Amino acid sequence: MAGCSGTNLVPNTASGGSSGNKGGQPVPSFTQFTDIPMPSNSSLDMDRSIIFGASDAWHGRLVLNSGGTQAQMYDFYEREMPNFGWSKVTVVRADISVMVYDRENRVATIKLTGGSFAGSVVDITVSPKG
């Protein structure tokens, strides 16, 4: 389990780490998602994620296991989503937080929950508007 790294929650612009690498298969790099901020201390849950399309036109679900707390992830996405061109639609900050953003013809819903042992789970669903 990755420990919380304090305040260095910045968008991950390098390749995603290899945690979660099962069976020797390569783990996709977070750099393929150029329109959504990815915390540097997170790993992609391949079993729970499904993506269609590529670049800035993808749709689907990304599930991240983050070393940051739920509160840190909330602050991270609230700060970083506008930097990626997303506009806030609505947010609910609670035991399970939900953040909704839109950008051009797509909507992003971010669900934040506490992790099993430490950290948090970030569930991002991006779909077409309307």
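Here, the structure is the one placed above.
What counts and what doesn't
All residue numbers refer to position in the chain's written sequence, counted from 1. In view of the model being predicted, local features appear only for residues whose pLDDT reaches at least 70, and side-chain atom pairs are presented and counted only at 80 or more, with totals across whole chains, interfaces and linings using the full set of residues. The basis for every side-chain value is the complete set of non-hydrogen atoms in the structure, without hydrogens or water. Should DSSP find at least two bridges between two strands, the strands are taken to pair. To qualify as a helix, a DSSP run of H or I must reach at least 4 residues; to qualify as a strand, a run of E must reach at least 2; elements of each kind are numbered from the N terminus. Should a side-chain nitrogen of Lys or Arg be within 4 Å of a carboxyl oxygen of Asp or Glu, the pair is scored as a salt bridge. The classification of residues rests on relative accessible area computed with a 1.4 Å probe and restricted to protein chains. Under 20% of the type maximum is buried, over 50% is exposed, and intermediate values are partly exposed. In this description, contact between two residues means that some pair of their heavy atoms is separated by no more than 4.5 Å. A pair of aromatic rings is counted whenever rings of Phe, Tyr or Trp (Trp by its six-membered ring) have centres within 6.5 Å, and the orientation is called stacked for planes under 30 degrees apart, edge-to-face for over 60 and tilted otherwise.

**Q** Got a sec to walk through the pairing of strand S4 (residues 87-92)? Specific residues and values, please.
**A** Pairing between S4 and strand S5 (residues 97-103): five bridges, direction antiparallel. Paired with Ser87 across the bridge in S5 is Asp102. Taken together, S4 and the strand that follows it, S5, pair antiparallel across an intervening segment of four residues.

**Q** Account for the pattern of salt bridges, naming residues and giving values.
**A** By the definition in use, this model includes eight salt bridges. With its nearest N and O atoms 3.2 Å apart, the salt bridge here joins Glu78 to Lys88. Of this pair, Glu78 sits in helix H1 (residues 70-80) while Lys88 sits in strand S4; the two residues are ten residues apart in sequence, bridging distant segments of the chain.

**Q** An account of unusual backbone geometry is needed here, citing residue identities and associated values.
**A** In this model, Glu104 sits at a positive phi of 50 degrees, which is unusual for a non-glycine residue. Here Glu104 is to be found in the loop between S5 and strand S6 (106-114).

**Q** So what about the side chain of Asp35? Which residues, and what values?
**A** Residue placement: Asp35 occurs in the segment before strand S1 (42-44). Accessibility expressed as a relative area gives 0% for Asp35, which makes it buried. Dropping the residues within four chain positions of it, Asp35 is found in contact with Ser55, Asp56, Trp58, Phe84, Trp86, Arg103 and Arg106.

**Q** Mind laying out the environment of Tyr74, listing which residues take part and the relevant values?
**A** The topology assignment puts Tyr74 in helix H1. Tyr74 sits 39 residues away from Thr113 along the chain, and the two C-alpha atoms are 9.9 Å apart. Residues in contact with Tyr74, not counting those within four places in the same chain, are Val91, Val92, Arg93, Ser97, Met99 and Leu112.

**Q** Could you give an account of the packing of aromatic side chains, naming the residues involved and the relevant values?
**A** Here the distance between the centres and the angle between the planes together describe a pair of aromatic rings. In the structure shown here, the tally under the stated rule is two aromatic pairs. Judged by centre distance (5.2 Å) and plane angle (70 degrees), the ring pair of Phe33 and Trp58 falls under edge-to-face. On the criterion of sequence distance, the pair formed by Phe33 in the segment before S1 and Trp58 in the loop between strand S2 (50-52) and strand S3 (59-66) is long-range, its members being 25 residues apart. Judged by relative accessible area, Phe33 falls into the buried class, the value being 5%. For Trp58, a relative accessible area of 1% translates into the label buried. Aromatic side chains Phe76 and Tyr77 sit 4.9 Å apart centroid to centroid with 90 degrees between the ring planes, which places their arrangement in the edge-to-face category. The burial state of Phe76 is the same as that of Tyr77; both residues are buried.

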